[in-house]
Amino acid sequence: MPYIIQVNGKQHTADVESETPLLWVLRDTLNLKGTKFGCGAAQCGACTVHLGGQATRSCQIPVSVLGASNVTTIEAIGETPVGKRVQQAWLELDVAQCGYCQSGQIMSATALLTKIPNPTDQDINQAMNGNLCRCATYTRIRAAIKRAAELARA
Amino acid sequence: MRYIAAFLLALLLPPAAQAQDATAKPETKGEYLARAGDCVACHSVADGKPFAGGLKMGSPLGAIYSTNITPGKETGIGLYSLDDFDKALRKGVARDGHRLYPAMPYPSYAKLSDEDVKALYDFFMKEVPAARQANLDPEIPKLLRWRWPLAVWNAMFTDKQGFTADPKHDAPWNRGAYLVQGLGHCGACHTPRGWAFQEKALDDSGTAFLAGANLDGWYAASLRQNLATGLGGWSAAEITEFLKTGHNVHGSAYGSMLDVVNNSTSYLTDEDLAAIGTYLKSLPADKTEPAYAYDASTATMLAGGHPPDPGAALYATTCQSCHRETGGGSPPFVAPLAGNPTVLTKDASSLINIVLNGSQPLVPLGVPEAYRMPQFRAQLTDQQIAEVVTFMRQAWGNKADPVTAKEVAELRKSTDPSSDQVVILRMR
Amino acid sequence: MDGLLAPFRSAGVKSSRRNFLKASLAAGGGLLLTARIHGIAKAAVSGEAGPREIALNAYVRVAPDGSVTVTAKNPECGQGIKVMLPMLIAEELDVSWDKVRIEQAGYDPKYPAQVAGGSQATPVNWLPMRRVGAAGRQMLIQAAATTWGVQASECDTTPGVVRHQASGHTLSYGELAEKAAAVKVPDLEKVPLKDPKTFRIVGQPMRNVDGEKIVTGQPLFGIDVTVPGMLYAVFQKCDVHGGKLVSSNVEAIRKLPGVKAAFEVKGGTDLRGLLDGVAVVADSWWRANRARQQLQITWDEGDITGQNSADFARKAAELAKGAPSSTVRKNGDPAGALAKSAKVVEAAYHYPFLSHIDLEPQNCTASFVNGKVEIWAPTQNPAPGSKLVASTLGIPESAIKINMIRCGGGFGRRLSNDYMVEAAWISKEAGAPVKLVWTREDDMRHDLYRPAGYHFFKGGLDGAGKLIAFTDHFVTFSQDGAVANSANLEPTEFPARLVANLELGTSMMPLRAPTGPLRAPRSNGLGFAFQSFLDELAHASGKDPVAFALDLLGEPRVLPDPPGPRATPGFHTGRMRGVIELAAEKSGWGKTKLPKGTGMGLAYYYSHLGYFAEVVQATMAANGLIQLDKVWIAGDIGSQIINPLNAENQAQGAALDGLGTAIGHGLTIEKGKIVQGNFDTVLPLRMRQSPPVEVHFRVTDFPPTGLGEPALPPSLPALGNAIFAATGQRIRSLPFKDQKLNASA
């Protein structure tokens, strides 16, 4: 059945089964490929989006529960000041290797910095632990989060 | 009562012509009753022939194996007359006179009508293919294998009366009572057991009936009208939905209830499921407790990103993405934790078990569920699981006791991780 | 390079080899350079070549405005090659890096060695790519010299500009491009190369060219490919690898929502090729996969006797009681020396099967139309993929076009192209373009696994603590009668060549599951076993592990490899000493006072031509978890770190990959099937486990080599050795989590 959902500030209609995960609606129905499929079990974080401001694994959100909540994806996160700074820090520090997990990392990092503008290492561990990086770029992810915080202070 | 011995295998099914039958609607009355009795769940194994037995089951004395109930003459029940079959089913006595272990729920099946026994007999004799597969010996020490004490046990604890309709109630209620007490043998898991492992009540005349019980590391929740820990907050329609699909707005099936939904209740007619709902809704609470009331402050705390303790922090990193900061999950696909009887109940075994071992896929009518609980056995320590489970039991207005690392450690030892493989047990 | 070419000369190939740089006008105007060494390419195909066949090809396009497009010929899977190879070309071409546009090549047989594996891209391309750039520069200089009527030798370049020194005339590359395209191509081998001291690009930190797309979520990976009319496919195979399809309920599946096609596939017996299964094609991936979950399939699994991890462990222990079935190397009299040793140490080590777990599950898009197929594949190795698709579909390779798409991780998994042939076959059968996407469970259960291994060591020390005897009975796996892929032990395995009495032997157990190379193949397991046991010997000798290692290595010298196709330039004890000393110095080894429960472990390993020593500091926390405090990496990969920004990232990632593997990876086989399916049972390293990693390179006079792989092997044993130092507990079996040693903060 058709579901009307709010993604990146725009209204979209997705005519899919009620169980369909948001991830596949984003990727295949709305053609927003930035949100990645990694595990389908909320274990890797590659599909992280913001749902009502919370970093959420879109592979575990059935489209039918979205209601009027706004979904923000990597494609639009640069429109927020925090998201923009996170992207800038990621580029400055050349964080990515293969890059596949990084959209999810950036979504989690942006949610963290929105809540906690100057996170400690412990805050970073806490907020980023759900995002796997198989290339293990964790050293730079941590540094880039701190750099984004610094950019906000500057 | 039933534990799956090992990692279950993928679908091993006979040639294509029959493959579709594995999940087909029952064709005969006998087959329907066999579904209602969930015979297949214990008398088949995932990679075995239908009803050929061989399932390892825990018992207080040691492991026993379910038996071959196909019409094979040498290894099955092919030589059973209707009377032999009836004795086994309703009295727990095999054709050769030996007494069955009460893992076979004959105390419940004693409630079956003669007509239904006959229909079941016809199904097993005429519709189930004979399978040559020898029964396995119980792993019970020799000295404890004497079966004569079972006669005494039977004399003390089984009901000889059969089911009598209660004229004070209408037909659907009585149909529900018949299914719940009899074929459904719900009490086998949901009724607490006494000193001799007997169910403390076999029908609604006892307040212990379906009052919740712990078996093999799982706590089967109370099915009585307790407001927070039972079905007091569930409508009859929601009970029906749960039995039909394995989940509803309040929660999802897990543990052996998965087998019940997969192999039994999802095949029942809407009328029968409604009857079960009607009957269960009539069982009064066995204790008074306040109704669950949602507390929004947990969600505000989690959304703020400053979890105050390790349990909340673990929830935020490990669980929140699916079960949400509200604890509301995404029902019916992802179970809510706020107000879920499994979370609220005094015995936290099931909740701990699910976190440790995850959940096997629900497969109502052959369609695997879209979402599945992963396991955290390898990812979290006993202490961490205790912390996160304690958090869930006290968040969003949930009011239940804390859990200790020791409880988790014991369950870790005595349980196995769930397989993610879809298992469909065939009846033909 | 000259050394590498020598065999061709001696084989008389030189006369038939023509080095030339083909120049032509690119379609959009400007200069197109195509460089090639024909003789070597031919030698490789005809099989005449000696070790390391090298052919070369590169595109350089110079636009009239002076901007330069450089083609990156190799597959990119996170190793940074898409930046590194163009850096070499741009350096010698002498252009500003900011004027360079990098274009990813598709698969094209005219490009040699389009493969991401073995950390070989640096040693193989270091000179050839520079020569391509240098030849282009010569042609631009010649074009300018002709214009001015002067000698080319009187001209030089500044980035993007040719200059006549005497007159001060200048012409930009853009102005010269058209004329340069007509210039005779210089001899690649004679073309002068820059003095590395004058490098402006090589050695500078250069960022990922796809960074912008990555951080903004633009379509970039194989899984992001969309082509018009595309449908989505899933493919169910037998979880016992190579199991045959008997029957299925595929007709029922065709009726499910969104399903456009569903059919049985009869494959072959090559576990890297198309196998039996059922394909489901639908109008969305989710619907395809939901329909597939309702498949009921009867498989003929074949013989799975003994195909259980528990049986393998039992059988390995039995085999270890006897002599190895084959001897890999024997020096001196190991038995006699052990009998005479003052101290004998015995230990059994084990490491499990591993999956590559690329974060982007295997996928491929294919469009089969009128006997031709176009493929969009995240592959590390398109050439065999093209052959596989051709032979399976019965079409010529000329009818196949493969677009190489950025891979979301590779680690060796995408050296095989099973997903590619599946997509091509499904597209052909379905009559539509399809994107095949595997689930995580498909990916983990249908991999080419790092083989498990069982090592039974003995070591003998004399009264002075010197290692005088060393034996390993390695129980490994065979497939179809031969040693399984990446399950071999070579006679050069350290400490071979350094211990007078040494024996390395193997016995094999037959394995059904396919195996293959995983990042630092062989070394990722052997390094753990050998370096952990050597640490045991160091402690038994009463010496500090650093001192023990330096004693064992002795004076700086080259220990040559036995001749053969796998021979490397040999093992240089001095280079290994150098990195051990550097790691010890940077970590404060033996100097830092560590608290109780904290320890440092050292390990060192030579693989893929790189020398790495690593120190891990770990603490046994009060909650019983291992805390990884810090890692120090010291590497020697020769005279030049081409892109230090990426080199640091790769080295850090490799060491952390190793640590994650040590702690949380491990597959078990039950009844021929992989038990684990997702990241709840296979646990890659996570943020809160991840320690700071310092990377130090020792620059030496040797040719530059790769580092994506050699930086990995030492980290696993270094952690085990640190745990021993911290707690006295010796971990001899991976993963640590199975030893109740998990890591979390």
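Residues numbered from 1 in each chain as written. Chains lettered and ligands numbered in written order. Predicted model: local features only at pLDDT ≥ 70, side-chain atom pairs only at ≥ 80, totals over all residues. Heavy atoms only, no water.

**Structural notes on the overall build of chain C**
Summing up its helical and strand segments, chain C has 18 helices and 31 strands in all. C-alpha atoms of chain C, sized along the principal axes, occupy 80 × 70 × 55 Å. Each of the 745 residues in chain C was classed as buried or not, and the buried ones make up 65%. Intrachain contacts of chain C at a sequence separation of at least 6 include 76% that bridge at least 24 residues. Within the structure as shown, chain C displays about 25,700 Å² of accessible surface, and the carbon and sulfur contribution to it stands at 52%. Positive and negative charge centroids in chain C, built from 79 and 70 side chains respectively, lie 1 Å apart. (Helix = DSSP H or I, 4+ residues; strand = E, 2+ residues; numbered from the N terminus. Buried < 20%, exposed > 50% of the residue type's maximum accessible area, 1.4 Å probe, protein only. Contact = heavy atoms within 4.5 Å. Areas by Shrake-Rupley, 256 points an atom, 1.4 Å probe, with all protein chains shown as cover. Lys, Arg positive; Asp, Glu negative; His and termini not counted. Charge placed at Lys NZ, Arg CZ, Asp CG, Glu CD.)

**What to know about the overall build of chain B**
In terms of regular secondary structure, chain B is built from 18 helices and four strands. Taken over C-alpha atoms, the radius of gyration comes to 22 Å for chain B, in line with the 22 Å a tight globule of 428 residues would show. Within the span of chain B, comprising 428 residues, buried residues form 61% of the whole. Taking contacts inside chain B between residues at least 6 apart in sequence as the whole, the part at least 24 apart equals 66%. For chain B, the accessible surface area stands at approximately 17,000 Å², while carbon and sulfur atoms represent 59% of it. Across chain B, the mean location of the 39 positive side-chain charges is 5 Å away from that of the 44 negative side-chain charges. (Rg over C-alpha atoms; globule rule 2.2 N^0.38 Å.)

**Describing the interface of chain A and chain C**
Between chain A and chain C, the contact holds 50 residues from the first and 59 residues from the second. A combined buried area of about 4,700 Å² lies between chain A and chain C, and 55% of that area is made up of carbon and sulfur atoms. When the area that chain A buries against chain C is broken down by residue, the three leading residues are Gln-97, Asn-129 and Arg-134 of chain A, summing to 17%. Where chain A packs against chain C, one counts six salt bridges. Here Asp-224 of chain C ties to Lys-36 of chain A by a salt bridge, and the two come within 2.6 Å at their closest N and O atoms. Where chain A touches chain C, the interface holds 30 residue pairs in polar contact (both at pLDDT 80 or more). Contributions of two or more residues to the side of chain A that touches chain C are made by helix H1 (22-29), helix H2 (74-77), helix H3 (81-92), helix H4 (102-115), helix H5 (121-128) and helix H6 (138-153) of chain A. Sorting elements by how many residues they give to the side of chain A that touches chain C places H6 of chain A first, with five residues. Of the residues contributing to the side of chain A that touches chain C, the split by class is 23 nonpolar, 15 polar and twelve charged. (Buried area = accessible area lost by both parts, 1.4 Å probe. Salt bridge = Lys/Arg side-chain N within 4 Å of Asp/Glu carboxyl O. Polar contact = N/O pair within 3.5 Å; in protein donor to acceptor, adjacent residues only side chain to side chain. Nonpolar A, V, L, I, M, F, W, Y, C, P; charged D, E, K, R; others polar.)

**Observations concerning the environment of Leu-112 of chain B**
Residues and elements named next belong to chain B. With respect to the secondary-structure elements, Leu-112 resides in the loop between helix H5 (106-109) and helix H6 (114-127). C-alpha separation for the pair Leu-112 and Leu-183, spaced 71 residues apart in sequence, amounts to 6.9 Å. Setting aside residues up to four positions removed in sequence, Leu-112 forms contacts with Leu-89, Arg-90, Val-117, Leu-120, Tyr-178 and Leu-183.

**Quick look at the sheet that holds strand E26 (residues 598-607) of chain C**
Residue and element names in this part refer to chain C. Strands sit in the order E26-E27-E28-E31 across an open sheet of four strands; the sheet is mixed. Only two strands of the sheet have a single partner each, and these edge strands are E26 and strand E31 (693-697). When the angles between neighbouring strand axes are averaged without regard to direction, this sheet yields 15°. Here helix H18 (residues 715-727) sits on the sheet and contacts E26, strand E27 (610-620) and strand E28 (626-636); the angle it forms with E26, its principal contact strand, is near 155°. (Pairing = 2+ DSSP bridges. Axes fitted to C-alpha atoms, helices over the stretch in contact; angles between N-to-C directions.)

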